[in-house]
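An overview of the molecular structure
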Amino acid sequence: VQLQASGGGSVQAGGSLRLSCAASGIFFGINAMGWYRQAPGEQRELVAVSRNGGRTNVADSVKGRFTISRDNAKNTIYLQMNSLKPEDTAVYYCNADIASRSGLWRTYWGQGTLVTVSS
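To keep things clear, this report deals only with the structure shown in the data block. Everything numeric here is computed off the predicted structure, so don't read it as measured data.

The tally for this structure, following the rule as stated, stands at 4 salt bridges. Here Arg 65 ties to Asp 88 by a salt bridge, and the two come within 2.7 Å at their closest N and O atoms. You can see Arg 65 sitting in the loop between β6 (56-58) and β7 (66-71) and its partner Asp 88 sitting in the loop between β8 (76-81) and β9 (90-99), a full 23 residues away along the chain. Classification of Arg 65 by relative accessible area gives buried; the value is 10%. Residue classification places Asp 88 among the buried positions, given a relative accessible area of 1%. Connected through shared salt-bridge partners, Arg 37, Glu 45, Arg 65 and Asp 88 make up one network.

Per the stated rule, a full pass over the model turns up 1 disulfide. Disulfide pairing is shown between Cys 21 and Cys 94; the S-S distance is 2.1 Å. Between Cys 21 and Cys 94 the disulfide shows an S-S torsion of about 60 degrees. By sign, it is right-handed. With a gap of 73 residues between them, Cys 21 in strand β3 (residues 17-24) and Cys 94 in strand β9 connect regions that are remote in the sequence. Across the pair, exposure class does not vary: Cys 21 and Cys 94 are buried alike.

With that settled, consider the nonpolar core. Trp 35, Leu 79, Met 81 and Tyr 92 are the most contacted members of the largest nonpolar core, which totals 29 residues. Looking at this core, the elements that each hand over two or more residues are β1 (2-6), β3, β4 (29-38), β5 (45-50), β7, β8, β9 and β11 (113-118). A total of 5 residues in this core trace back to one element, the largest contributor, which is β9.

This brings us to the environment of Gly 15. With respect to the helices and strands, Gly 15 occurs in the loop between β2 (9-12) and β3. Note: C-alpha distance between Gly 15 and Lys 63 (48 residues apart in sequence) is 16 Å. Once residues lying within four places of it in the same chain are set aside, the contact partners of Gly 15 are Met 81, Asn 82, Ser 83 and Leu 84.

Let us now look at the packing of aromatic side chains. Under the counting rule described, the total for this entry stands at 1 aromatic pair. Above the ring of Trp 109, the side-chain terminus of Arg 44 is found at 4.7 Å from the ring centroid.

Below, the discussion takes up the pairing of β7. Relative to β8, β7 runs antiparallel, the two being bridged by 6 bridges. Across the sheet, residue Thr 67 finds its bridge partner in β8, namely Gln 80. Following β7, the chain reverses through 4 residues before pairing antiparallel with β8; Asn 75 in that reversal takes a positive phi of roughly 50 degrees.

Criteria and cut-off values
- Numbering of residues starts from 1 in every chain and runs along the sequence as written.
- Totals for whole chains, interfaces and linings use all residues, but because this is a predicted model, local features are given only for residues with pLDDT of at least 70 and pairs of side-chain atoms are given and counted only at 80 or more.
- Heavy atoms throughout the structure, all of them, feed into the side-chain values; hydrogens and water do not.
- By convention in these notes, a salt bridge is any Lys or Arg side-chain nitrogen within 4 Å of a carboxyl oxygen on Asp or Glu.
- Strands are runs of DSSP state E lasting at least 2 residues, helices are runs of H or I lasting at least 4, and numbering of each runs from the N terminus.
- Buried means the residue's accessible area, taken with a 1.4 Å probe over protein chains only, is under 20% of the maximum for its type, while exposed means over 50%, and partly exposed covers the values in between.
- Disulfides are defined in this document as cysteine sulfur pairs within 2.5 Å.
- Here, nonpolar core means buried Ala, Val, Leu, Ile, Met, Phe, Trp, Tyr and Cys residues that are tied together by side-chain atoms lying within 4.5 Å of each other.
- Two residues form a contact once any of their heavy atoms are found within 4.5 Å.
- Pairing of aromatic side chains requires ring centres within 6.5 Å, counting the rings of Phe and Tyr and the six-membered ring of Trp. Pairs whose planes differ by under 30 degrees are stacked, by over 60 edge-to-face, and all others tilted.
- Counted as over-ring charges are cases with an Arg CZ or a Lys NZ within 6 Å of the ring centre that also lie within 35 degrees of the ring normal.
- Any two strands between which DSSP finds at least two bridges are classified as paired.

Have a look at this one:
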């Protein structure tokens, strides 16, 4: 099982980016899928999470600017980031709780994609 993240880049403050993360491989099911970020010298923090059934949670620091969405048919989540600020600069990681065909659940992480916002 692999998570492949894409869509990072450099943008000026106020701009937008859209991140994607696709799960591939052989597995039984996916529960929560989410985005975390880690800025230099900081701990990794939760940005947004999408759970089965459509429930989502978004960190207060990005609420109203970032939107998480999910395409279950494609095993993919997206993070639409609008009104970006320099403090959003970080490496963004996706993760997912995935069950193997034997029914064991495990959390997988993508490779990270860098988002740089300049003022």
